[in-house]
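Take a look at the letters that make up each chain.
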Amino acid sequence: MATAVPKTMKGVLIEKTGGVEVLDYRTDLPVPTPKEGEILVKNDFIGINFIDTYYRSGLYPSPKPEILGREGEGTVIATGSGNLHNLKVGDRVVYMGTGAYAEYTATPSAKAHIVPAALEPGIAAAALLQGLTALTLIREAYAVQKDDWVLVHAAAGGVGLWLCQLLRVVGARTIGTASTEEKLELATKNGANVVINYKEEKDFVGKVKEITGGEGVKVVFDSTGKDQFENDLEVVARKGSVISYGNSSGPVPPFAISRLSAKNLKIMRPTLFHFIYTREEFEHWTGELFDFIIKDKLNTRIHGIYPLAEVARAHTDLEGRKTTGKLLLKP
Ligand code: NDP
């Protein structure tokens with residue numbers, strides 16, 4: 001039975017870029033109308049991602065005013081016209097899109113997927129964007145092989161914990177980094193074979209070389225950006241790959257491409273969006289991710305579920321390095 005669609009909703013609007021003070025919780029925002037190919041989802045859970053802080057701060061440009069939020073989980077309550085990829089009113093879906101920090105989100109059906117019955121409420125929203133990032137990194141950015149030495153920075157973070165778990169499944173040897181003992185312990189529990197506190201280790205490069213028998217790692221997955229980039233170039237093996245996929249410490253400054261010839265290195269700066277660009281790609285990787293979670297019993301660590309009205313506290317915790325795993329919002 002169709003649910004009545006209200007005219008207004010609660011949501012978090014930002015009018016301009018800045019600190020957490022620009023996150024404006026409102027109770028009078030218009031409920032969006034789904035356009036062609038779109039579904040209207042009543043959100044039960046909204047995923048927070050570090051990228052939300054970049055759109056908030058202005059590191060990544062986006063039109064303002066804007067409702068932040070790239071993913072959510074909930075029920076389809078209305079649809080637009082055209083191809084809806086077999087989704088219909090009443091379906092429970094998880095999606096990637098924009099405007100998720102709200103009670104209702106109109107979002108492309110091409111990037112929505114039915115929530116598998118085996119998953120508890122909230123797990124799909126907690127897993128989708130960060131899990132897909134980790135999966136496409138180890139498959140597409142660099143196809144990790146069994147026994148490869150792999151370096152994962154921020155290994156207890158959202159994407160980091162997925163990387164550790166997936167790398168364990170494929171049989172790689174993972175070195176995980178993090179800033180506290182608790183985080184290192186968590187990375188180990190989730191599959192890191194060796195861990196290093198990158199805030200405290202004085203000879204980080206020497207340590208990684210020692211662990212890998214002098215050779216260095218086949219690939220570095222670096223979400224920190226600026227802080228670790230020079231180390232990455234040092235610890236990667238000859239013919240290895242540096243996959244720089246984030247900016248939690250700030251963007252990597254421009255560098256001379258000729259530096260790569262020192263070891264015939266490959267460097268990539270991927271974004272998930274271009275690995276799941278088509279409906280087919282989105283379905284392929286989402287199906288594989290949920291298979292991993294269900295069949296390999298991967299753990300979806302939820303750091304906390306924050307009321308939507310307390311979104312500023314959630315951003316403060318995430319940017320303040322206080323969190324492990326996923327942060328969710330509840331409308
Ligand atoms: P995380 O849960 O990993 O949180 C960020 C973590 O980064 C912190 O907990 C902290 O861990 C570490 N960190 C290192 N330096 C800093 C710093 N100066 N300030 C704050 N944190 C720091 O977040 P996500 O999993 O959501 O995202 C991780 C990264 O991956 C982000 O950079 C994000 O932009 C990127 N990303 C990129 C995607 C892409 O498509 N390219 C898709 C998804 C995410 P510790 O305390 O252990 O150092």
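What counts as what
- Residues numbered from 1 in each chain as written.
- Predicted model: local features only at pLDDT ≥ 70, side-chain atom pairs only at ≥ 80, totals over all residues.
- Heavy atoms only, no water.
- Phe/Tyr/Trp six-rings, centres within 6.5 Å; stacked < 30°, edge-to-face > 60°.
- Lys NZ or Arg CZ within 6 Å of the ring centre and 35° of its normal.
- Buried < 20%, exposed > 50% of the residue type's maximum accessible area, 1.4 Å probe, protein only.
- Helix = DSSP H or I, 4+ residues; strand = E, 2+ residues; numbered from the N terminus.
- Pairing = 2+ DSSP bridges.
- Right-handed = clockwise from strand over helix to strand, strands pointing away.
- Polar contact = N/O pair within 3.5 Å; in protein donor to acceptor, adjacent residues only side chain to side chain.
- Salt bridge = Lys/Arg side-chain N within 4 Å of Asp/Glu carboxyl O.

The name given to the chain in an unreviewed UniProt entry is Probable quinone oxidoreductase, with Oidiodendron maius as the source organism.

1. Regarding the packing of aromatic side chains
If you walk through the whole model with that rule in mind, you get five aromatic pairs. Judged by centre distance (5.8 Å) and plane angle (75°), the rings of Tyr55 and Tyr60 are edge-to-face. Counting every residue linked through ring pairs, the aromatic cluster contains Phe50, Tyr54, Tyr55 and Tyr60. Seen from the ring of Phe45, Lys330 lies directly overhead, with NZ or CZ sitting 4.4 Å from the centre.

2. Describing the pairing of strand 13 (residues 236–244)
The side chains of a regular strand alternate, first on one face of the sheet and then on the other. Counting buried residues in strand 13 gives seven out of nine residues, a clear majority hidden from the surface. As judged from the five bridges shared by strand 12 (residues 217–222) and strand 13, these two strands associate in the parallel manner. The partner of Val219 across the bridge, within strand 13, is Ser241. Crossover strand 12 to strand 13 through helix 6 (residues 229–235) is right-handed. Sheet topology places strand 13 next to strand 14 (residues 266–268); three bridges connect them, and they run parallel. Bridge pairing in strand 14 links Ser241 to Lys266.

3. Here we look at the side chain of Glu288
Within the fold, Glu288 resides in helix 7 (residues 279–295). In this structure the side chain of Glu288 is engaged in a polar contact, spanning 2.8 Å, whose partner is the side chain of Arg139.

4. Points about the pattern of salt bridges
Applying the stated criterion across every chain yields a total of 17 salt bridges. Across the pair Asp28 and Arg26 runs a salt bridge whose closest N-O atoms are separated by 3.4 Å. Between Lys326 and Glu71 there is a salt bridge; the shortest N-O distance is 2.5 Å. Linking Lys326 in strand 16 (residues 326–330) with Glu71 in strand 5 (residues 71–79), this pair joins segments that are 255 residues apart in sequence. Of the two residues examined, Lys326 and Glu71, each falls in the buried class. Each of Glu15, Asp24, Arg26 and Asp28 takes part in salt bridges that share partners, so that together they form one network.

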